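Commentary on secondary and tertiary structure
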Amino acid sequence: MKNSTFWKVFAAPTAIAVLTLAGLFAALLGDGAWDALSWLAMGISTAVSLKGLLTRKKLS
Amino acid sequence: MKSQTIRRWSAIHTWTSLICTLFLLMLALTGLPLIFHHQIDHLLGNAPQFKAMPADAPRLNLDQLIKAAEAHRPGEAMQYFAWEEDEPNGVMAIMAATPGTEPNSSHTFMLDARTGEALEMPSANGGFMMVMLRLHVDMYAGLPGKLLLAFMGLMFVLAIVSGIVLYAPFMRRLPFATVRPEKSTRIRWLDLHNLIGAVTLSWALVVGLTGVINACADLLITSWRNDSLAAMIAPYRDAPPLTQRAQAADLLKLAETAAPGMQADFIAFPGTLLSSEHHYAVFMKGASQLTSHLLTPVLIDASNLKLTAVVERPWYMDALGLSQPLHFGDYGGLPMQILWAALDVLTILVLGSGLYLWWVRRRVKA
């Protein structure tokens, strides 16, 4: 696969994966702001998934 | 990617998924209530109710607590005392017929640290949540059950990795998060499988891998006993069996002196899995959020209450310590628990849609 296609496909999932890993480990280090990073990361995954689940046929 | 390469990864994805999906569905379903076990215990009235007393009410010492526990379960042996951060007035006690009795046959209850009154914890010894826990941990099959689930966890990890590889050819011509409900039910669920799988995969990998490590806990503990512990207690190999435990009132003070800056997390009494025949093992946790998951055992001779050793912590015991919060999702407050449950449900959707997609494709091929 050409480099440009690779990042076109994997940029968004990679960004979410890195953010999630950072969040899960950050929350181990402290409370408050450290926890919030994990909430943000898992919140984004959940929101993107929900948006996909709620995508319905357009009524024409 | 060559079409032959795709076919090969596709076969890996299909078979690793098929092998583990039913087990993973069971784990995801039983794990869901376990995320909220604290809240559920409180709601059902299974959490011990402590009497209101002044905050500075004096605490019983360890000897008095042991006496209170033994009076509550006459004829049984002490196995463990454990402290919980959110229950500062209580000490959790675990007792059984003998110190070496396996954990599922033990009895767990709470002692009021100020009065010594015993408070039952029904959900720690049976009932719905215990059924969920046993299914989740070993399916009532002991070590073979745990190892089978560990193997299923590894299959799950392989399924995720092969899924990442296959994501590329599927998504080459589609923008991220494409869902096409207008095409067909199969295409809609294929898109959702790819989308939800892609955004939940790092969480699923973390929970999957830490689950595998937790499932191997028995093996890691055996290895720790053979490596670190055995060296420390070698001088006791030919010692006569312990007949009388020394007064234990100062046990914690002694452990805190041996491991400065640390705090007792639990005590393993002599003869249990986590101590020796001749020792108390006081497991000390670090003071920071991170090091509170890493436990350092302090071995104290039970016959004379003298320090024997501070046992070293091999890397795999630290890995086990960190695998627990990362698997349970209990270290980031209620928002983390809720999101943990949301990702658990999303994983169920990925597993279910995967099964559905395999089934529809199979019928087309046939």
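The structure under discussion appears in the preceding block.
Our subject in this report is the structure included herewith. Per chain, the residues get numbers from 1 upward, laid out in the order the sequence is written. All chains are assigned letters beginning at A, and all ligands numbers beginning at 1, according to the order in which they are written. Local features in this predicted model are restricted to residues whose pLDDT is 70 or higher, and side-chain atom pairs enter the listing and the counts only when it is 80 or higher, whereas totals over whole chains, interfaces and linings include all residues.

Quick look at the overall build of chain A
Starting at the N terminus, helices and strands are each numbered in turn, a helix being any DSSP run of H or I of at least four residues and a strand any DSSP run of E of at least two. When helices and strands are tallied, chain A shows 2 helices and 0 strands. Two things to know: the radius of gyration comes from C-alpha atoms, and the globule rule equals 2.2 Å times the number of residues to the power 0.38. What you see for chain A is a C-alpha radius of gyration of 16 Å, clearly larger than the 10 Å of a compact globule of 60 residues, by over 25%. Dimensions along the principal axes, computed over C-alpha positions, put chain A at roughly 50 × 35 × 10 Å. Counting other C-beta atoms within 10 Å of a residue's C-beta gives its exposure: the residue is buried at 20 or more, exposed at 12 or fewer, and partly exposed in between, where C-beta atoms are placed from the backbone. Residues counted as buried form 27% of the 60 residues belonging to chain A.

A closer look at the overall build of chain B
The number of helices and strands found in chain B is 10 helices and 8 strands. Its C-alpha atoms put chain B at 75 × 45 × 35 Å along the principal axes. Contacts in chain B between residues far apart in sequence, at least 24 positions, make up 66% of those at least 6 positions apart. Placing C-beta atoms from the backbone, we regard two residues as in contact once those atoms come within 7 Å.

Brief notes about the pairing of strand β6 (residues 279-285) of chain B
Residues and elements named next belong to chain B. With 7 of 7 residues buried, β6 is to be regarded as a mostly interior element. Side chains of β6 alternate between two faces, with His279, Ala281, Phe283 and Lys285 and Tyr280, Val282 and Met284 buried alike. Strand direction decides the pairing type here: strand β5 (residues 263-268) and β6, joined by 5 bridges, are antiparallel. Each residue of the ladder has a partner; that of Gln263, found in β6, is Lys285. Note: β6 against strand β7 (residues 295-301), 7 bridges, orientation antiparallel. The partner of His279 across the bridge, within β7, is Asp301. Strand pairing is assigned whenever DSSP detects at least two bridges linking the two strands.

Examining the pairing of strand β8 (residues 307-310) of chain B
Residue and element names in this part refer to chain B. Summarising the sheet, β7 and β8 pair through 3 bridges and their orientation is antiparallel. The residue bridging Leu299 from the neighbouring strand is Ala309, located in β8. The loop that links β7 with its antiparallel partner β8 comprises 5 residues; one of these, Leu305, has a positive phi angle of about 55 degrees.

What to know about the interface of chain A and chain B
Counting residues at the interface gives 30 residues for chain A, matched by 33 residues for chain B. Breaking the side of chain A that touches chain B down by element, the ones donating at least two residues are α1 (3-29) and α2 (33-54) of chain A. Among the elements that take part in the side of chain A that touches chain B, α1(A) stands out by supplying 12 residues, more than any other. Gly is placed with the polar residues, together with every amino acid not listed as nonpolar (Ala, Val, Leu, Ile, Met, Phe, Trp, Tyr, Cys and Pro) or charged (Asp, Glu, Lys and Arg). For the side of chain A that touches chain B, the per-class residue count stands at 15 nonpolar, 10 polar and 5 charged.

Some details on the sheet that holds strand β1 (residues 77-82) of chain B
Residues and elements named next belong to chain B. In spatial order, the strands read β4-β3-β2-β1-β5-β6-β7-β8; together these 8 strands make up an open sheet with antiparallel pairing. Of all strands in the sheet, those with a lone pairing partner are β4 (118-120) and β8, marking the two edges. The average undirected angle you get between the axes of adjacent strands in this sheet is 30 degrees. Each axis is a line fitted through C-alpha atoms, taken for helices only over the stretch in contact, and angles between the N-to-C directions span 0 to 180 degrees. Together, β1, β2 (90-96), β3 (107-112) and β4 form the strand contacts of helix α3 (residues 62-72), whose direction differs from that of β3 by roughly 130 degrees.

Comments concerning the packing of helix α1 (residues 3-35) of chain B against helix α4 (residues 128-137) of chain B
Residue and element names in this part refer to chain B. Contact pair α1 / α4: the axes reach a minimum separation of 9 Å and the direction vectors enclose 140 degrees. Classified by the angle their axes make, α1 and α4 are oblique. For the element pair α1 and α4, the recorded crossing hand is left-handed. Across from Met26, Leu27, Thr30, Gly31, Pro33 and Leu34 in α1, the residues of α4 making contact are Met129, Met132, Leu133, Leu135 and His136. Orientation is classified from the angle alone, with under 35 degrees giving roughly parallel, over 145 giving roughly antiparallel, 65 to 115 giving roughly perpendicular, and any other angle giving oblique. By convention, the crossing between two helices is left-handed when the near helix turns anticlockwise from the far helix through less than a right angle, and right-handed when the turn is clockwise.

Some thoughts on the nonpolar core
One recurring pattern in soluble globular proteins is that nonpolar side chains are buried together. Residue and element names in this part refer to chain B. A set of buried Ala, Val, Leu, Ile, Met, Phe, Trp, Tyr and Cys residues, joined to one another through C-beta atoms within 7 Å, is what we call a nonpolar core. In this structure, Ala93, Ile267, Tyr280, Val282, Met284 and Ile300 are the most contacted members of the largest nonpolar core, which totals 81 residues. Looking at this core, the element that brings in the most residues is helix α6 (residues 185-215), giving 12 residues. In contact with Ile300, not counting residues within four places along its chain, are Leu251, Leu254, Ala255, His279, Tyr280, Val282, Leu305, Leu307 and Thr308.

Some points on the environment of B:Leu254
Residue and element names in this part refer to chain B. Inspection of the secondary structure puts Leu254 in helix α8 (residues 251-258). Separated by 81 residues in sequence, Leu254 and Arg173 have C-alpha atoms that sit 66 Å apart. Not counting residues up to four positions away in its chain, the partners in contact with Leu254 are Ile300, Leu305 and Leu307.

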